[in-house]
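Here are the chains, one letter per residue:
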Amino acid sequence: MVELDRVSKLYGETVAVDDVSLALRARAFTALLGPSGCGKTTVLSMIAGLLAPDQGDIRLDGVSMARSAPERRPVSIVFQKTLLFPHLSVEQNVGFGLRMGGLARSEVRRRSTEMLELVQLAGLGSRHVRDLSGGQEQRVALARALVLAPRVLLLDEPFSQLDTGLRTEMRALVRGLHDDLEVTTLFVTHDQTEAVAVADEVALMLAGVLAGQDTPKAFYTAPPSLAAARFFGVTNEVPGRVAAGCFVSADGTLRHAACVADGAAVLVVRPEGLQLTTETGPHCVPGTVVAARFAGTHLVVEVRADGGTRLTVHVPAAEPVSVGGRVAVRVPPQACTVFTQPR
């Protein structure tokens, strides 16, 4: 297990990482998620030993790595840029670290060949890297990192420069390699869809602070904060107030139990958590459809509630929806989270 214990890093007067405590479970796949500039790569660099923390400690299975040089840490990194050696063949790139470690040539070749098979590049060992596609280059970079049999694999947005199809393919490959090799993996990304697709756990960083660590499902269904909910793409925010444990929307159309202090509050609910209905009664808000857009697997429907609240609902693509039509939006309490309104 990798543990960051109250780690901070400053660049001059700028706090890049602020008192972060984070645990990466052994053999788990953890996504370190957050917007650009939030401190993700700084955390990764400190685990790798490329940067030293200004405060706190980093431990591997309880043993501090703070004084270990990067080359003495059982860690491999795959960067956004592959940094392959252009004058070497694919096999020579993969085996470079093994050769530097003094392994016999025959053993280097055997392990490099096995790893190329694992990353689906069998038979390409003699090819020069300048003749590879972008996806193939990333596979070579992965093979070069994994052939060293690291205890921890760090991935710093390695697929951000690939097209959508290749990114999906590479995510599946990385997840499959992780499952086969059982290497503790930290995957840095700014893309919540990517994080959810591959990770066992998500650690969310916002403005240098760890904003939460949990399963992808928990972040979707019960975000730890309003900022986290916004980053995960919650598009419905309903302002209101909480009194005596009950949230009431500003227009009075929504009422839900709430476990936050009395005062100004906001209810958040994902579009896929809502349903269109013709029913009336508790948790059903009457309104008018003002827009409907086809989004491939579903329709994105905008409803203006009679009280003024605007709600976005995702419904099956085949469901008949008419702009201007009267509907009701069911707002299930279990799909909602209420937060105190930030000042």
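Predicted, not measured: the structure shown is a model, and the values here were computed from it.

Enquirer: Got a minute to help me understand the pairing of strand E12 (residues 246-249) in this structure?
Expert: For a regular strand, side chains alternate in direction, first toward one face of the sheet and then toward the other. Taking every second residue as pointing to the same face, the buried face of E12 carries Phe247 and Ser249, while none of Cys246 and Val248 on the other face is buried. The pairing of strand E11 (residues 236-243) with E12 spans four bridges and is antiparallel. Its bridge partner lying in E12, alanine 243 is registered against cysteine 246. Connecting E11 to the next strand, E12, in antiparallel fashion are two residues, including alanine 244 with a positive phi near 55 degrees. Where E12 and strand E13 (residues 255-257) come together, three bridges link them in antiparallel fashion. Across the sheet, the residue bridging to cysteine 246 is alanine 257, located in E13. Here E12 hands over to E13 after five residues, with glycine 252 in that stretch at a positive phi of 80 degrees.

Enquirer: Can you help me understand the pattern of salt bridges in this one?
Expert: Once their charged atoms are close, side chains differing in charge can pair, the charge on each being opposite to the other. Tallied over the entire structure, the rule returns 23 salt bridges. Between arginine 25 and glutamate 201 there is a salt bridge whose closest N-O contact spans 3.7 Å. Of this pair, arginine 25 sits in the loop between strand E2 (14-24) and strand E3 (29-33) while glutamate 201 sits in strand E9 (residues 201-206); the two residues are 176 residues apart in sequence, bridging distant segments of the chain. Arginine 310 is paired through a salt bridge with glutamate 302; the nearest N and O atoms lie 3.9 Å apart. One salt-bridge network, held together by shared partners, links Glu3, Asp5, Asp57 and Arg59.

Enquirer: Sorry, what's going on with the sheet that holds E9 here?
Expert: Through backbone hydrogen bonds, the strands of a sheet pair up, either in parallel or in antiparallel fashion. Ordered by their spatial adjacency, six strands build an open sheet running E6-E7-E8-E3-E9-E10, and the pairing between neighbours is mixed. Of all the strands in the sheet, the pair left with one neighbour each is strand E6 (75-78) and strand E10 (209-214). Taken pair by pair, the neighbouring strands of this sheet meet at an average axis angle of 20 degrees, ignoring direction. Direction of pairing for strand E7 (residues 152-156) relative to strand E8 (residues 184-189): parallel, over a ladder of five bridges. Each bridged residue has a counterpart across the sheet, and for aspartate 156 the counterpart in E8 is valine 188. Sitting on the sheet, helix H5 (residues 134-146) touches E6 and E7, and the angle it makes with E6 is about 175 degrees.

Enquirer: In this structure, what is going on with the sheet that holds E13? I would like to understand it.
Expert: Ordered by their spatial adjacency, five strands build an open sheet running E13-E12-E11-E14-E20, and the pairing between neighbours is antiparallel. The sheet terminates laterally at E13 and strand E20 (336-340), the two strands that pair on one side only. Sheet twist, expressed as the mean angle between neighbouring strand axes with direction ignored, is 35 degrees.

Enquirer: Please explain the pairing of strand E14 (residues 263-269) as it appears in this structure.
Expert: Among the seven residues that make up E14, six are buried, leaving the element largely enclosed by the rest of the structure. Judged from the five bridges that link them, E14 and E20 form a sheet pairing that is antiparallel. Opposite valine 266, over in E20, you have phenylalanine 339 as the bridge partner.

Enquirer: Can you walk me through the state of the cysteines in this structure?
Expert: Joining two cysteines, a disulfide is a covalent bond between their sulfur atoms. Inspection of every chain in the model, using the stated rule, returns zero disulfides. With no disulfide of its own, cysteine 336 lies 12 Å from the sulfur of cysteine 284, the closest cysteine sulfur.

What counts and how
- Throughout this description, residue numbers start from 1 for each chain and increase along the sequence as written.
- Totals for whole chains, interfaces and linings use every residue, but because this is a predicted model, local features are given only for residues with pLDDT of at least 70 and side-chain atom pairs only at 80 or more, for both listing and counting.
- Excluded from the side-chain calculations are hydrogens and water; all other atoms, namely the structure's heavy atoms, are used.
- When a residue's accessible area, from a 1.4 Å probe over protein chains only, is under 20% of the maximum for its type it is buried; when over 50% it is exposed; and in between it is partly exposed.
- Helix and strand definitions follow DSSP, with helices as H or I runs of at least four residues and strands as E runs of at least two, each counted in order from the N terminus.
- Any two strands with at least two DSSP bridges between them are considered paired.
- When a carboxyl oxygen of Asp or Glu is within 4 Å of a side-chain nitrogen of Lys or Arg, the pair counts as a salt bridge.
- Each axis is a line fitted through C-alpha atoms, and for a helix only the stretch in contact is used; angles between axes span 0 to 180 degrees, taken between their N-to-C directions.
- Throughout, a contact is declared for two residues whenever any of their heavy atoms are within 4.5 Å.
- Note on terminology: pairs of cysteine sulfur atoms within 2.5 Å are recorded as disulfides.

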